[in-house]
Amino acid sequence: MHPQSPQSSQTPRTPQTALDPRYSDDKAGPVPWSEAEARLAAAEVFWLTTVRPDGRPHVTPLIAVWSEGALHFCTGPDERKARNLEGNASVVLTTGTPALGEGFDLVVEGEATRVTDEARLTALAGAWVEKYGEDWRFEVRDGAFRGDGGTALVFAVAPRTAFGFAKGDPFGQTRWRF
């Protein structure tokens, strides 16, 4: 079963930051975590990887909101990703650009924890509208989002490890460990 989120706000964490010289141009330097956070906040589409009960991966695109040091996503309780999280809370979220020679890709590894605190959910519901518009307006009731599609469980993923891949000139791989 996925753990419940703490009822208080998460404290921002400062990661250890390192450039991996094996995958980086000599001109590259490590990217500050603040830049990665800004990119996570601005990204519109993410790919979520969960693990099925039989160990096979499940990957699906979704939208997410960066808030208080974590990525937040929502899903219906009967969807494959929600069912996968019941048995294994370990996830990977990725975002970036499809181009090979330009842009920046991000990979966030962590555990998905349910957000059930009504005040926190209300703040997140506002963040969804602010980022994605009125089509993504949710009511908060009974520890979940409620919308046209029914009930949506909300999960937070605070990074355990994250990777940034600068593509182009210079290319580089930064790792952040929390």
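Above: the structure in question.
On a predicted model such as this, the values are computed, not experimentally measured, just so you know.

Trainee: Help me out: how do you make sense of the side chain of Arg120 in this one?
Mentor: Counting through the fold element by element, Arg120 comes out in helix H3 (residues 118-132). Note on Arg120: relative accessible area 15%, which makes it buried. Setting aside residues no more than four positions away along its own chain, Arg120 makes contact with Ser67, Glu68, His72 and Val115.

Trainee: Can you help me understand the nonpolar core in this one?
Mentor: The tendency in soluble globular proteins is for nonpolar side chains to be buried as a group. In this structure, Leu40, Phe46, Leu71, Phe73, Trp128, Phe145 and Trp176 are the most contacted members of the largest nonpolar core, which totals 40 residues. Broken down by element, the residue count for this core peaks at seven residues, all from strand E10 (residues 150-167).

Trainee: How should the packing of aromatic side chains be read in this particular structure?
Mentor: Each aromatic ring pair is specified by the distance between its two centres and by the angle formed by the two planes. Per the counting criterion, the structure on display carries eight aromatic pairs. Taken together, a centroid distance of 6.0 Å and an interplanar angle of 70° make the contact between Trp33 and Trp66 edge-to-face. Of this pair, Trp33 sits in helix H1 (residues 33-42) while Trp66 sits in strand E4 (residues 65-67), and the two are 33 residues apart along the sequence. Exposure class is identical for Trp33 and Trp66. Each is buried. Ring geometry for Trp128 and Phe138: centres 6.3 Å apart, planes at 85°, overall edge-to-face. Of this pair, Trp128 sits in helix H3 while Phe138 is found in the loop between H3 and strand E8 (139-141), placing the two residues ten residues apart along the sequence. A relative accessible area of 15% places Phe138 in the buried class. Aromatic ring contacts, followed pair by pair, group Trp33, Trp66, Trp176 and Phe178 into a single cluster.

Trainee: Just to check I follow, could you spell out helix H2 (residues 80-87) for this structure?
Mentor: Because each turn of an α-helix spans 3.6 residues, side chains separated by three or four positions in sequence point in the same direction. Within H2, the full set of buried residues consists of Lys81, Ala82, Asn84 and Leu85. One side of H2 holds all its buried residues, which, seen down the axis, span an arc of 160°. In the core, the buried residues of H2 are packed alongside strand E2 (46-51), strand E3 (57-62), strand E5 (70-75), strand E6 (90-95), strand E7 (103-115) and E10.

Trainee: Even after reading the chapter, I still don't get the layout of surface pockets, so can you show me in this structure?
Mentor: The space that makes up the largest pocket amounts to roughly 370 Å³. Looking at the largest pocket, it is lined by 17 residues, and the ones nearest its centre are Cys74, Glu79, Trp136, Phe138 and Ala152. Elements supplying a minimum of two residues to the lining of the largest pocket: E5 and E10. The element that contributes the greatest number of residues to the lining of the largest pocket is E10, accounting for three residues.

Trainee: Hey, could you run me through unusual backbone geometry in this one?
Mentor: In this structure, Pro170 follows Asp169 across a cis peptide bond, with omega equal to 0°. Phi angles above zero are rare outside glycine, and Glu68 is one such case at about 50°. Here Glu68 is to be found in the loop between E4 and E5. By relative accessible area, Glu68 is classed as partly exposed at 32%.

Trainee: Explain a nonpolar patch on the surface to me, please; I cannot follow it from the model alone.
Mentor: Nonpolar side chains collect at one region of the surface, where Val45, Trp47 and Val59 lie side by side and expose about 280 Å² of accessible area between them. Tracing the backbone through its elements, the reader meets Val59 in strand E3. Exposure remark for Val59: the relative accessible area of 47% places this residue in the partly exposed category.

About the thresholds
Residues numbered from 1 in each chain as written. Predicted model: local features only at pLDDT ≥ 70, side-chain atom pairs only at ≥ 80, totals over all residues. Heavy atoms only, no water. Helix = DSSP H or I, 4+ residues; strand = E, 2+ residues; numbered from the N terminus. Buried < 20%, exposed > 50% of the residue type's maximum accessible area, 1.4 Å probe, protein only. Contact = heavy atoms within 4.5 Å. Core = buried A, V, L, I, M, F, W, Y, C linked by side-chain atoms within 4.5 Å. Phe/Tyr/Trp six-rings, centres within 6.5 Å; stacked < 30°, edge-to-face > 60°. Arc of directions from axis to C-beta. 1 Å grid on protein atoms, 1.4 Å probe; cavity = no way out; pocket = protein on both sides within 12 Å on 5 of 7 lines; lining within 4 Å. Points joined across faces, edges and corners; volume = space filled by probe spheres on them. Patch = residues over 30% accessible without salt bridge, like charges linked within 9 Å, V, L, I, M, F, W, Y side chains within 5 Å. Areas by Shrake-Rupley, 256 points an atom, 1.4 Å probe, with all protein chains shown as cover. Salt bridge = Lys/Arg side-chain N within 4 Å of Asp/Glu carboxyl O.

Limitation: the analysis is restricted to geometry and does not speak to function.
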